[in-house]
Amino acid sequence: MSEGSVWEAMAFASFYQLDNLVAILDINRLGQSDPTPLQHHVEKYQKRCEAFGWQAIIVDGHSVEELCKVLCQPRHQPTAIIAQTIKGKGIPAAEDKMGWHGKPLPKDMAESVIRDLQSHILSSSKRLYPATPAENTLPVSLKNIRMPTPPSYRLGDKVATRKAYGTALAKLGRVSERVIALDGDTKNSTFSEIFKNEYPNRYVECYIAEQNMVSVAVGCAARDRNVVFASTFATFFTRAYDQLRMAAISESNINLCGSHCGVSIASPGEDGPSQMGLEDLAMFRAIPTATVFYPSDGVSAEKAVELAANTKGLCFIRTSRPENAVIYNNSEDFRVGQAKVVYKTNDDHVTVIGAGVTLHEALSAAEQLKKERINIRVIDPFTVKPLDSKTIIDNAKVTRGRIITVEDHYYEGGLGEAVCSAVVSEPGFTVHRLAVAHVPRSGKPSELLKLFGIDRDSIAQAVRKMLSTATNAK
């Protein structure tokens, strides 16, 4: 009960009047290395639960009769059964004593306890056969949930991928009533409000309690009965990392969208580093069951939403605040683990890999370098995990193994490290990484992209330097 996420959940349940929710609190006094803060002061637990809007009932946790009685009572609000228990009860050497948390009993002690338990059994021939739970829910199929129509963007249109996410989510909601959306009080920034406005009964506002939001998402997705999307600023998922890794351990299928990634979020409010998602790629890449989407325009963002809805495990969609040009045709086919070569010539010197905002900076750098008769090949990875190693390696071989990665993320754990891992065994390859080197500050997007060397001019300069180094090496 010292976990903050517990109280986030209790506030959520009270606000939504979840009268079918019962929490059983095992108040056994002892923690792992010390007694718990409130020990057996069950009346204090009761007051706290009541302050959070719950009905709180104290019972003897060792009494089956008391537990059955309170479970059968009618409920008009969420209920907390505060069960006072004694840890290790019935084992004299361990009862209410520290030092036994997570430890097995020694063999002689275990045998003695088993004999004592057996002596209390009144009839060894009696067997209990509890009834199988009734399956009273209709079967649900979540397979092959597809967009009702293709994207409807025009090449060159300026659209933020965060807004394309909201548009795509609402479109997906028209196909299946099992698509639901959650948000952490950022719906007017993540654009999940587009879904909320169309399907208010399938939208859950979780407020600024991201740990609980992820837990609610996992609950909604349980038994594969819903396609769940939860969104907030990418940086705020750091609060919920424990819930994310436990979702993976539980083999949950949930979709997360993190907007406002990187230093490019600043316009028009010039937000500071507390709002900038710069660790999120590293976080999600480290989760074994995660798929990490990083769309760079409206079309690819819509495709990412559709693919996430049909991909097992955790899916993370990284969206950006700036409005960037649509570069893909509406009919473009996207697949998990398939990169796109978005700019090439027959005589390319360097392969540049960018995503989101930095892909557009790379395309601008390509046009700038073209005037100097320097050609670069530009790749959009689309998914950072799994990364399309084959496309990257095949194209980098054409540019003599010369690769530059550029990302609106810290150096650690992002796109650059993913590419390095993909090409580490390739002889003669050189990877130069451009990323955010230290904690940023407030400023305009153009100023910050330039400050951290991830804008068009910085990419162009890195290309020139790489070619100059190669020439000098000869």
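Our subject is the structure listed above.
Residues numbered from 1 in each chain as written. Predicted model: local features only at pLDDT ≥ 70, side-chain atom pairs only at ≥ 80, totals over all residues. Heavy atoms only, no water.

K.L.:
Can you tell me about the overall build of the chain, naming the residues and giving the values?
P.N.:
Along its length, the chain carries 16 helices and 17 strands. Projected onto its principal axes, the C-alpha positions of the chain cover 90 × 50 × 45 Å. Split into buried and exposed, the 474 residues of the chain put 50% on the buried side. For the chain, the proportion of contacts with a sequence separation of at least 24, taken over those separated by at least 6, is 76%. (Helix = DSSP H or I, 4+ residues; strand = E, 2+ residues; numbered from the N terminus. Buried < 20%, exposed > 50% of the residue type's maximum accessible area, 1.4 Å probe, protein only. Contact = heavy atoms within 4.5 Å.)

K.L.:
Explain helix α8 (residues 210-221) residue by residue, including any values.
P.N.:
Since one α-helical turn is 3.6 residues long, residues separated by three or four positions face the same way. Here α8 spans 16 Å end to end across twelve residues, near enough to the 16 Å set by a 1.5 Å rise per residue. Regarding α8, the residues found buried are E210, Q211, N212, M213, V214, V216, A217 and A221. In this structure, the buried side of α8 is in contact with α1 (4-15), β5 (179-183), β7 (227-233), α9 (241-249) and β8 (254-259). Following α8 by one or two positions, R223 has its phi on the positive side, about 60 degrees. (Expected span 1.5 Å × (residues − 1).)

K.L.:
Can you tell me about the packing of α1 against α8, naming the residues and giving the values?
P.N.:
Relative orientation of the contacting elements α1 and α8 amounts to 70 degrees, with a least axis distance of 8 Å. Accordingly, the angle class assigned to the pair α1 and α8 is roughly perpendicular. Remark: the crossing between α1 and α8 carries right-handed chirality. The residues of α8 that touch α1, namely those facing S5, E8, A9 and F12, are E210, Q211, N212 and V216. When the residues that make up the contact of α1 with α8 are grouped by side-chain class, the tally is three nonpolar, three polar and two charged. (Axes fitted to C-alpha atoms, helices over the stretch in contact; angles between N-to-C directions. Parallel < 35°, antiparallel > 145°, perpendicular 65-115°, else oblique. Left-handed = near helix turned anticlockwise from the far one by under 90°. Nonpolar A, V, L, I, M, F, W, Y, C, P; charged D, E, K, R; others polar.)

K.L.:
So what's going on with the packing of helix α13 (residues 389-398) against helix α14 (residues 415-423)? Which residues, and what values?
P.N.:
Taken N-terminus to C-terminus, the directions of α13 and α14 make an angle of 75 degrees; their axes are 10 Å apart at the nearest point. Judged by the inter-axis angle, α13 sits roughly perpendicular to α14. Contact with α13, carried on its side by S389, I392 and I393, involves V419, A422 and V423 of α14 and no other residues of that element.

K.L.:
Residue-level account of the pairing of strand β16 (residues 402-410), with values.
P.N.:
Burial analysis of β16 places nine of its nine residues in the buried class, which makes it a mostly covered element. In the sheet, strand β13 (residues 350-354) pairs with β16 via four bridges, with the strands oriented parallel. In the sheet register, V352 faces β16, and the bridge partner there is I404. As defined by bridge partners, β16 adjoins strand β17 (residues 430-436) across six bridges and the pair is classed as parallel. What sits directly across from R402, in β17, is T430. Between the parallel pair β16 and β17, the chain is carried across by α14, and the sense of this crossover is right-handed. (Pairing = 2+ DSSP bridges. Right-handed = clockwise from strand over helix to strand, strands pointing away.)

K.L.:
I'd love a proper account of the nonpolar core, names of residues and values included.
P.N.:
Inside soluble globular proteins, nonpolar side chains tend to come together where they are buried. Counting residues in hydrophobic clusters, the biggest one holds 45 residues, and the most contacted among them are L182, F237, L244, L256, F284 and L314. Beyond its immediate stretch of four places on either side in the chain, L314 contacts L244, A247, A248, S252, I254, L256, I287, T289, A290 and T291. (Core = buried A, V, L, I, M, F, W, Y, C linked by side-chain atoms within 4.5 Å.)

K.L.:
Quick rundown of the packing of aromatic side chains? Include the residues and the values.
P.N.:
Per the counting criterion, the structure on display carries 13 aromatic pairs. Taking the centre distance of 4.9 Å and the plane angle of 45 degrees together, the rings of W7 and F52 count as tilted. One end of the pair, W7, is in helix α1; the other, F52, is in the loop between α2 (42-51) and β2 (55-60), with 45 residues separating them in the sequence. A residue is classified by how much of its surface remains accessible, and F52, at 32% relative accessible area, is partly exposed. (Phe/Tyr/Trp six-rings, centres within 6.5 Å; stacked < 30°, edge-to-face > 60°.)

K.L.:
Summarise empty space enclosed by the protein; cite the residues concerned and give the values.
P.N.:
Under the defined criterion, the tally for this structure stands at one cavity of 30 Å³ or more. For the largest cavity, the calculated volume is near 40 Å³. Along its surface, the largest cavity is lined by V159, A160, T161, P295, S296, S320, P322, N324, G356, V357 and H360. Elements that contribute at least two residues to the lining of the largest cavity include exactly β4 (158-160) and α12 (357-370). By residue class, the composition of the lining of the largest cavity is five nonpolar, six polar and no charged. (1 Å grid on protein atoms, 1.4 Å probe; cavity = no way out; pocket = protein on both sides within 12 Å on 5 of 7 lines; lining within 4 Å. Points joined across faces, edges and corners; volume = space filled by probe spheres on them.)

K.L.:
Can you lay out the environment of P295 for me, pointing to particular residues and giving the numbers?
P.N.:
Within the secondary structure layout, P295 lies in the loop between β9 (290-293) and α11 (298-309). The sequence separation of P295 and P381 amounts to 86 residues, and the corresponding C-alpha distance is 8.6 Å. When neighbours within four sequence positions are excluded, P295 is seen to be in contact with T161, S300, A301, I317, R318, G356 and F382.

K.L.:
I'd like a rundown of the layout of surface pockets, residues and numbers included.
P.N.:
Empty space within the largest pocket amounts to approximately 350 Å³. Taken together, 21 residues form the lining of the largest pocket, with M1, S2, T36, P37 and Y45 sitting closest to its centre. When residues of the lining of the largest pocket are traced back to their parent elements, those giving at least two are β1 (22-27) and α2. Looking at the lining of the largest pocket element by element, the count peaks at three residues for β1. Of the residues belonging to the lining of the largest pocket, the class tally is nine nonpolar, seven polar and five charged. In this structure, the second largest pocket spans a volume of roughly 290 Å³. Looking at the second largest pocket, it is lined by 16 residues, and the ones nearest its centre are L142, D224, N253, A309 and K312. Every element with two or more residues in the lining of the second largest pocket is listed here: β7 and α11. Residues belonging to the lining of the second largest pocket are distributed by class as follows: six nonpolar, seven polar and three charged.

K.L.:
Can you explain the sheet that holds strand β14 (residues 376-380)? Please cite residues and give values.
P.N.:
Through backbone hydrogen bonds, the strands of a sheet pair up, either in parallel or in antiparallel fashion. With respect to topology, five strands assemble into an open sheet ordered β12-β14-β13-β16-β17, the strand pairing being mixed. Here the strands that pair on one side only, and so sit at the sheet edges, are β12 (340-343) and β17. On average, each strand axis in the sheet is tilted by 25 degrees relative to the strand beside it, whichever way the strands run. Contacts from α14 reach β13, β16 and β17 within the one sheet, and its direction differs from that of β16 by about 145 degrees.

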